[in-house]
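Coordinate analysis (summary)
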Amino acid sequence: MDALQQFRQFWSERAPRERRILTLGGLFLAALILYFVLIAPAVNGIDRLQRLLPQTRAQAAELEALVAEAKNLRSMPPVGAPGMADARAAVGTSLASAGLQAAHNVPAPNGDLHLSFVDIPYSKWVTWLASSEKTLGVHAVTVTVKAAATPGNTDIELTLRLPRA
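Cut-offs applied
Residue positions are given per chain, counting from 1 as you read along its sequence in written order. Where local features are concerned, this predicted model is filtered to residues with pLDDT of at least 70; where side-chain atom pairs are given and counted, the filter is 80 or more; whole-chain, interface and lining totals use all residues. The side-chain quantities take in all heavy atoms of the structure and omit both hydrogens and water. For the purposes of this entry, the term helix denotes a DSSP run of H or I that reaches at least four residues, the term strand denotes a run of E that reaches at least two, and both are numbered from the N terminus. In this treatment the radius of gyration is a C-alpha quantity, and the globule benchmark scales as 2.2 Å times the residue count to the 0.38 power. Think of it in three bands: with a 1.4 Å probe and only protein chains considered, a residue is buried below 20% of the maximum accessible area for its type, exposed above 50%, and partly exposed in between. Residue contacts are defined here by distance: any two heavy atoms, one from each residue, within 4.5 Å place the two residues in contact. Per-residue and other accessible areas follow the Shrake-Rupley method at a 1.4 Å probe size, with only the shown protein chains counted as cover for residues. We score Asp and Glu as negative and Lys and Arg as positive, and we do not count His or the chain ends. A charged residue contributes its charge at one atom only: NZ of Lys, CZ of Arg, CG of Asp or CD of Glu. For this document, the term salt bridge refers to a Lys or Arg side-chain nitrogen within 4 Å of an Asp or Glu carboxyl oxygen.

On to the overall build of the chain. The helix and strand tally for the chain stands at four helices and four strands. Helices and strands in the chain line up, N terminus first, as α-α-α-β-β-α-β-β. In terms of C-alpha radius of gyration, the chain reaches 42 Å, well past the compact-globule figure of 15 Å for 165 residues. Burial analysis of the chain (165 residues in total) assigns 18% to the buried set. For the chain, long-range pairs separated by at least 24 residues make up 55% of all intrachain contacts whose partners lie at least 6 apart in sequence. Summing over all exposed atoms, the chain offers an accessible surface of approximately 12100 Å²; the carbon and sulfur share of this is 63%. Averaging the locations of the 16 positively and 13 negatively charged side chains of the chain gives two centres separated by 12 Å.

Written as structure tokens, this is what we have:
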């Protein structure tokens, strides 16, 4: 016997009142399953989304403001670092204001600047290098320091990486 025949036999053996009770119980059980599987999760999800909606709208408004600002900034002319010639001139001016004189000031093919100093005060040079890295944005790539005959003075070979435009 298959399951359908067994169910028909079981059903036919029941009294009409018993069939009504079983039918109502089955309908109630189906309604409970339908509620807990389909309706309750949907209602809870809708409530959660409604609580998150103001926060999401605020985030969307902030994002739109950032996009508008980015578009505005993109339409403005670019502000770049000074060109190589300007950077070399700024290094020269900085050296002069620090009271230093480079024996050689040679631009390298890659845009770096090679400087040589002979018999200069080491403390003055170190102070200049630290301040020029902060103010001019130059970076020392190679440095060779040798003691000079005068105490406290040095001979220095230096390669500076200038800011790129």
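Right, let's get into the pattern of salt bridges. Evaluated as defined, the whole model comprises two salt bridges. A salt bridge links Arg-14 to Glu-18; its shortest N-O distance comes to 3.9 Å. Note that Asp-112 and Arg-161 form a salt bridge whose closest N and O atoms lie 2.9 Å from each other. In this pair, Asp-112 sits in the loop between β1 (104-107) and β2 (113-121) while Arg-161 sits in strand β4 (residues 153-161), placing the two residues 49 residues apart along the sequence.

With that out of the way, let us pick up unusual backbone geometry. Not every positive phi belongs to a glycine, and Asp-119 is a case in point at roughly 50 degrees. With respect to the secondary-structure elements, Asp-119 resides in strand β2. Asp-119 gets classed as partly exposed once you look at its relative accessible area, which sits at 35%.

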